[in-house]
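Breakdown of the fold
Here is how the chains run, residue by residue.
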Amino acid sequence: MLESVLIANRGEIACRIIRTAQRLGMRTIAVHSEADAGALFVQMADEAHLIGPAPARDSYLRIDRIINVAKRTGAASIHPGYGFLSERAEFAEACAGAGIVFVGPPASAINAMGLKDAAKALVQQAGVPVVPGYHGAQQEPDFLRLKADEIGYPVLIKAVAGGGGKGMKRVERAADFEAALESAQREAASAFGDPRVLVEKYVLSPRHIEIQVFADRHGNVVHLFERDCSLQRRHQKVIEEAPAPGMTPEMRAVMGKAAVEAARAVGYVGAGTVEFIADGREGLRSDRFYFMEMNTRLQVEHPVTEAITGLDLVELQFRVASGEVLPFGQGDLGIDGHAVEARLYAEDPEKEFLPSTGKLWALDFPEHEGLRVDTGVQAGDEVTPFYDPMIAKVIAHAPTRGEALEKLAEALGQTLVAGPKTNVAFLKKLCEAPQFGAGQFDTGFIDRNLDALGAVPHGVDAEAVRLGVLKLIDMELDARGYHALMRNGSASSPWDEQDGFQLGGAREQGLPVDVDGERIDVAVQWPVPGDAHTDEELVVSWGGKASGMVSDYLSSDMRGLVPTEEGVIVVRAGRQTRVSPYDPFNVDLEHLNGSNAVKAPMHGKLVALFVKPGERVGKGQRLAIVEAMKMEHALVAPADGEVEEIAAEPGMQVAEGARLIVLKMEE
Ligand code: ADP
């Protein structure tokens, strides 16, 4: 076995690789950015080395610095994880040049599969079915539109260098082609430094089914069955499972063979995934699946394959990289039960899944048999805007699909995250969705069911407000030693400086609190000091009542009441409500004079501006585009009005909450 490994990655995948490497007795070397100095993977590794500032291009993408650390520390191998440098042929070459084993395929295989157009042509020659479309060199808009007409709508525009669903646009009709092409090219240029696209037929009722392959250096190639990754949003995977619902042994054999052929065609070595799109209009059929691309690395969703095969894919990667022969043949492999993985993200389903950042005030996962949680963060860590906002992967394994889904839903219900908004409640609803449970779904399932899945703005959670206020009062009383004072009947209110609120006099009082940035006035009924029966009993009313002995009431639901610097985060059914004492000096003055500021939803770059000062705009009209985390977010007018001021120009970096455009609203 290799003596040591440098992990050229971060977060959960770095942790996951370190775990296996340490079990195999390898020395583990982490490299990290300044932002990750205190990260879990840095703590877990045997040694850790700083390679640069937070932005990935200055740290995790710096081949020179990473190779330097590897040389200095005498690393025997480098594992690239997924993302970052994992599919960069220069990196594999740089490792080889430095005499370090690259845990991955040869650079030639990465190159062959690196661009979607060339890869399609190559596997087509090997007899693998591909999606009909144009994947040639011509890029003129008029030419591509003609090709789209020939292919027939709907079509899909894809970045040739694409990945992670970026630079991909579905187009329904010719009239929309040009705008979609422009946007795809812009996204592709910014995400991959290559604006080229291909156009292909949009497969109907599409199911994303991929095959895990493994090859050694001795010519042996096997497949480890399929994964179904059809539950997607914006072409990004949300829930993955193995095996695929509705898969027949016959189709599995045909797809497995096609995947092995694709791997052989490029002289593949190590772990790889061949992605297919299947036309699911009449269920899965072995003559209706098409090659999309091959990912020449470990895949995010590899744990579901590990669960059903009982294999450790990272261990196999190390074995193959060190020159060992694959320890099994195709006939030795079998499927045990069913596994489902959910990707827990720091994002807000109520705000179109906008990534959410900030401190993780609480993070807690259940532990059950058949449940696996892969994470790279712990309570107290910060989710920063620099990297992918995934918090964890939660994987359930059980004898049947139904049981696995049930187990996953239960685990998500028991997961506590406070701080950044998350998709945990949304994931739970997905696992419980009857149609998904019945195996009736395709890649459009999530988009068609956003309402039912709760991914729409909700009103204020009144019970959370009441609980939050009880907790705030409890915290405030505690901080000032009021619990003791109240027993003596000599306490005054915690908010008395602001509101002149008196405990001794009135029994009921209005108390202003800040709930997710909005002022809400709750009514609080205070106990009669010194009365033995009602001692410390508070009643908080707002759209209902919550009452009880403060400490008793709270202890019953303690886990979901998370104190923060400003106040408390109340977590109910996975949904977070921030409640803090109202601060009269922290109000948004923009609304008061009939103006309305359109603000940057997060840290990012202003990439397009569609309006000028003095221009009239209608409610919902697109005003500008901010690019953040390599996705484009459109800013729209909140109401009819006139552009009063523009405070930024395209190309500028903008901070979260920055005023970009001020509108004068109509009366
Ligand atoms: P990326 O490399 O950006 O992840 P892929 O080529 O893997 O892009 O495609 C991502 C997703 O987009 C697929 O999982 C599938 O849901 C959808 N998709 C891709 N090609 C097609 C197609 N021709 N028809 C329908 N959906 C497609």
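Every chain begins its residue count from 1, and numbering advances along the sequence as written. With the structure being a predicted model, the display of local features is reserved for residues of pLDDT at least 70 and the display and counting of side-chain atom pairs for 80 or more, all residues being used for whole-chain, interface and lining totals. Each side-chain value is worked out from all heavy atoms of the structure, with water and hydrogens disregarded.

Digging into the site of the ligand
What counts is decided by this rule: Distances are taken per atom, and a residue is near a molecule or strand as soon as one of its heavy atoms is within 4 Å of it. Under this definition, polar contacts are N or O atom pairs within 3.5 Å; protein pairs additionally need one hydrogen-donor-capable and one acceptor-capable atom, and for neighbouring residues in sequence, both atoms have to be side-chain atoms. Each accessible area value is a Shrake-Rupley result obtained with a 1.4 Å probe; residue values ignore everything except the protein chains displayed when judging cover. Strands are runs of DSSP state E lasting at least two residues, helices are runs of H or I lasting at least four, and both sets are numbered from the N terminus onward.
Residues in contact with the ligand amount to 22 residues; listed here are only the nearest, Lys 116, Gly 165, His 208, Gln 232 and Glu 293. A distance of 2.5 Å is found between an oxygen atom of the ligand and a side-chain nitrogen or oxygen belonging to His 208. Expressed as a share of its isolated accessible area of 550 Å², the protein-covered part of the ligand is 96%. When contributions to the shell around the ligand are tallied by element, the ones reaching two or more residues are β7 (155-159), β9 (197-201), β10 (206-215), β13 (270-279) and β14 (289-295).

Overview of the side chain of Arg 343
Inclusion rule: Only protein chains enter the accessibility calculation, which uses a 1.4 Å probe; a residue whose area is less than 20% of its type maximum is buried, one above 50% is exposed, and one in between is partly exposed. Whether two residues touch is decided by their heavy atoms; if any such pair falls within 4.5 Å, the residues are in contact.
Turning to its location among the elements, Arg 343 is positioned in strand β15 (residues 338-345). Taking the relative accessible area as the measure of exposure, Arg 343 reaches 8% and is therefore buried. Beyond its immediate stretch of four places on either side in the chain, Arg 343 contacts Lys 237, Val 238, Glu 240, Val 300, Glu 301, Met 390, Ala 392, Asn 423 and Leu 427.

Topic: the pattern of salt bridges
The line we're drawing: Within this document, salt bridges are pairs made up of a side-chain nitrogen of Lys or Arg and a carboxyl oxygen of Asp or Glu, the two lying within 4 Å of each other.
In the structure shown here, the tally under the stated rule is 45 salt bridges. Among the ionic pairs, Glu 226 bridges to Arg 252, the shortest N-O distance being 2.8 Å. Placement of Glu 226 in strand β11 (residues 221-233) and of Arg 252 in helix α9 (residues 249-265) is noted, with a sequence separation of 26 residues between them. Take Glu 226: its relative accessible area is 0%, and that puts it in the buried class. Residue Arg 252 is classed as buried on the basis of its relative accessible area, which comes to 15%. Three or more residues are tied together by salt bridges with common partners; here these are Arg 16, Arg 19, Arg 23, Glu 306, Asp 312, Glu 315, Arg 319, Glu 324, Arg 372 and Asp 374.

Some details on the sheet that holds strand β6 (residues 133-134)
Inclusion rule: Note: two strands are recorded as paired if DSSP finds a minimum of 2 bridges between them. Comment: axis = line fitted to C-alpha atoms, over the contacting stretch for helices; angle = value between 0 and 180 degrees taken between N-to-C directions.
The sheet built from four strands is open, its strands ordered β6-β9-β7-β8 with antiparallel pairing. Looking at strand neighbours, the two that pair on one side only are β6 and β8 (169-171), the edges of this open sheet. Taken together, the five bridges between β7 and β9 define a ladder with antiparallel strand orientation. Counterpart to Val 155 in the pairing with β9 is Lys 201. Those strands touched by helix α7 (residues 141-151) are β6, β7 and β9, and its axis lies near 15° from that of β9.

Comments concerning the domain arrangement of the chain
Inclusion rule: Either an automatic procedure or a domain database provided the assignment from which the domain bounds are taken. By buried area we mean the combined loss of accessible area, with a 1.4 Å probe, across both parts when two parts are placed together.
Structurally, the chain comprises domain 1 (4-103), domain 2 (105-115 + 205-336), domain 3 (132-201), domain 4 (344-458), domain 5 (462-581) and domain 6 (589-665). With 23 residues of domain 1 at the interface, the matching set in domain 2 holds 22 residues. Buried surface at the junction of domain 1 and domain 2, both sides included, amounts to about 1600 Å², of which 65% is carbon and sulfur. A per-residue breakdown of the area domain 1 buries against domain 2 is headed by Arg 16, Tyr 82 and Glu 87, which together make up 32% of the total. Where domain 1 meets domain 2, there are five salt bridges. Taken together, the connections running from domain 1 to domain 2 amount to nine residue pairs in polar contact (both at pLDDT 80 or more). Elements supplying a minimum of two residues to the side of domain 1 that touches domain 2: α1 (11-23), β4 (77-79), α4 (89-97) and β5 (101-102).

What to know about the packing of aromatic side chains
Two aromatic rings are characterised by how far apart their centres lie and by the angle between their planes. The line we're drawing: Here the aromatic set is Phe, Tyr and Trp, taking the six-membered ring for Trp, and pairing holds for ring centres within 6.5 Å; pairs whose planes are under 30 degrees apart are stacked, those over 60 apart are edge-to-face, and all others are tilted.
Evaluation of the coordinates by the stated rule reveals nine aromatic pairs. Note on Tyr 60 and Tyr 387: the rings are 5.6 Å apart at their centroids and 80° apart in plane angle, and the pair reads as edge-to-face. Residue Tyr 60 is located in the loop between β3 (47-52) and α3 (63-73), and its partner Tyr 387 is located in the loop between β21 (382-383) and β22 (390-398); the two are separated by 327 residues in the primary sequence. Neither Tyr 60 nor Tyr 387 differs from the other in exposure class; each is buried.

Some thoughts on unusual backbone geometry
In this structure, the amide linkage connecting Tyr 153 to the following residue, Pro 154, adopts the cis form with an omega of -5°. The omega torsion across Ala 242 and Pro 243 is -5°, close enough to zero to call that bond cis. Along the chain, the position of Pro 243 falls in the loop between β12 (236-242) and α9. Of note, Glu 352 is a non-glycine position whose phi angle comes to about 50°, a positive value. Along the polypeptide, Glu 352 turns up in the loop between β16 (347-348) and β17 (354-355). Given the relative accessible area of 63%, Glu 352 is considered exposed. For Phe 353, which is not glycine, the phi torsion reads 60° and is therefore positive. Mapped onto the secondary structure, Phe 353 falls in the loop between β16 and β17.

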